[in-house]
Amino acid sequence: DRNSVDRDYFAVSAPSFLLEGSLSGAQRGIATHTFMQYADYSKAAENPEAEIERLKNMGIITPQQAEGINRNQVAEFFTSTLAKRILSSDTVMREKKFTIEIPISEMYEGFEQFSDELMMIQGIADCAFLENGELIVVDYKTDRLDSEELFREKYSAQVLLYKKALALCTGYNVKQTLLYSFHLGREIEVD
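Read on for an overview of the structure. Since we're looking at a predicted model, the values are computed, not measured.

1. Topic: the overall build of the protein chain
When its secondary structure is counted, the protein chain shows 8 helices and 5 strands. The 191 residues of the protein chain split such that 38% are buried. Contacts spanning at least 24 positions in sequence make up 61% of the contacts within the protein chain whose residues lie at least 6 apart. Of the roughly 11500 Å² of accessible surface on the protein chain, 48% is carried by carbon and sulfur atoms.

Here is the structure:
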């Protein structure tokens, strides 16, 4: 009978440990983010393949994740101007967690009457580094969007929230907020 459906367990897809073969796009993105979180950037700039292998041997990424990381995109990042700027900084923060309270009216238009009401926001910024005493905030993106404008439309609010949060949490002025698109192979400034 139609009404006697077993409701104990629903799943959209099988857990990743049960999957055979290649990673999904989202799983490749997670693999790339994990690599960028734990990689020694100096070593990765010299030899990205060796750094992927090192992280795999340490158990930080699985063999399947290591296989799913796009070597050309990672190598391109480490030859970029942005990577050189990060490598020349004395202070680099990766996966910087934050929690801030901001007025609801700053988050949503039309909620000005709630200017005294605070909203708690938690997040994790992929990378931030000091350059000439000011902070640069970077968010890595692995999406396959085809233009800088699409990245800005999709992620501006997020990265500008990171800007506000990191300025409040660190006390540094945030000079620049950037997205780095592995798909496009370039940084995208967000104002």
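2. Description of the pairing of strand 4 (residues 174-181)
Most of strand 4 sits inside the fold, with 7 of its 8 residues counted as buried. Two elements, strand 3 (residues 134-141) and strand 4, share 7 bridges in a ladder whose sense is parallel. Bridge pairing in strand 4 places Tyr140 opposite Tyr180. Read from strand 3 through helix 8 (residues 148-170) to strand 4, the crossover connection turns out right-handed. Pairing of strand 4 with strand 5 (residues 186-190) involves 5 bridges; the strand directions are antiparallel. Residue pairing across strands places Leu178 opposite Glu189, the latter belonging to strand 5. Connecting the antiparallel pair strand 4 and strand 5 is a turn made up of 4 residues, with Gly185 showing a positive phi of about 75 degrees.

3. Remarks on the nonpolar core
Ranked by size, the top nonpolar core spans 26 residues in total, and within it Phe35, Phe77, Phe78, Val138 and Tyr140 carry the most contacts. Elements that contribute at least two residues to this core include exactly helix 1 (25-38), helix 2 (41-46), helix 3 (48-57), helix 5 (71-78), helix 6 (81-88), strand 2 (118-131), strand 3 and strand 4. Discounting residues that sit within four places of it in the chain, Val138 has contacts with Leu82, Asp126, Cys127, Phe129, Leu178 and Tyr180. Phe98, Ile121, Ala128 and Leu161 belong to the second-largest nonpolar core, a separate cluster that totals 15 residues.

4. Examining helix 5
Among the residues of helix 5, those classed as buried are Val74, Phe77 and Phe78. Summarising the axial view, the buried residues of helix 5 lie within an arc of 95 degrees, below the 170-degree limit, and thus occupy one face. Where helix 5 is buried, its residues touch helix 1, helix 2, helix 3, helix 6, strand 3 and strand 4. The N-cap of helix 5, judged by a side-chain oxygen 3.0 Å from the amide nitrogen of Asn72 a few residues on, is Asn70.

5. A word on the packing of aromatic side chains
One pass over the structure, following the stated rule, counts 10 aromatic pairs. Both rings, one in Tyr140 and one in Phe182, keep their centres 6.0 Å apart while their planes meet at 55 degrees; by these two values the pair is tilted. With Tyr140 in strand 3 and Phe182 in the loop between strand 4 and strand 5, this residue pair connects regions lying 42 residues apart in the sequence. The exposure class assigned to Phe182 is buried, which follows from its relative accessible area of 2%. One aromatic cluster in this structure is built from Tyr41, Phe77, Phe78, Tyr140, Tyr180 and Phe182. Between Arg94 and the ring centre of Tyr41, over which it is positioned, the NZ or CZ distance is 4.0 Å. The ring centre of Tyr155 lies 3.7 Å from the NZ or CZ of Lys141, which sits over that ring.

6. Some details on the sheet that holds strand 5
Taken in spatial order, the 5 strands line up as 1-2-3-4-5 in an open sheet, and their pairing is mixed. Unpaired on one side and paired on the other, strand 1 (92-103) and strand 5 mark the two borders of the sheet. Neighbour-to-neighbour, the strand axes of this sheet turn through a mean angle of 40 degrees, independent of strand direction. Pairing of strand 1 with strand 2, which is carried by 11 bridges, proceeds in the antiparallel orientation. Residue pairing for strand 2: Met93 is matched across the bridge by Ala128.

Thresholds applied
- Residues numbered from 1 in each chain as written.
- Predicted model: local features only at pLDDT ≥ 70, side-chain atom pairs only at ≥ 80, totals over all residues.
- Heavy atoms only, no water.
- Helix = DSSP H or I, 4+ residues; strand = E, 2+ residues; numbered from the N terminus.
- Buried < 20%, exposed > 50% of the residue type's maximum accessible area, 1.4 Å probe, protein only.
- Contact = heavy atoms within 4.5 Å.
- Areas by Shrake-Rupley, 256 points an atom, 1.4 Å probe, with all protein chains shown as cover.
- Pairing = 2+ DSSP bridges.
- Right-handed = clockwise from strand over helix to strand, strands pointing away.
- Core = buried A, V, L, I, M, F, W, Y, C linked by side-chain atoms within 4.5 Å.
- Arc of directions from axis to C-beta.
- Polar contact = N/O pair within 3.5 Å; in protein donor to acceptor, adjacent residues only side chain to side chain.
- Phe/Tyr/Trp six-rings, centres within 6.5 Å; stacked < 30°, edge-to-face > 60°.
- Lys NZ or Arg CZ within 6 Å of the ring centre and 35° of its normal.
- Axes fitted to C-alpha atoms, helices over the stretch in contact; angles between N-to-C directions.

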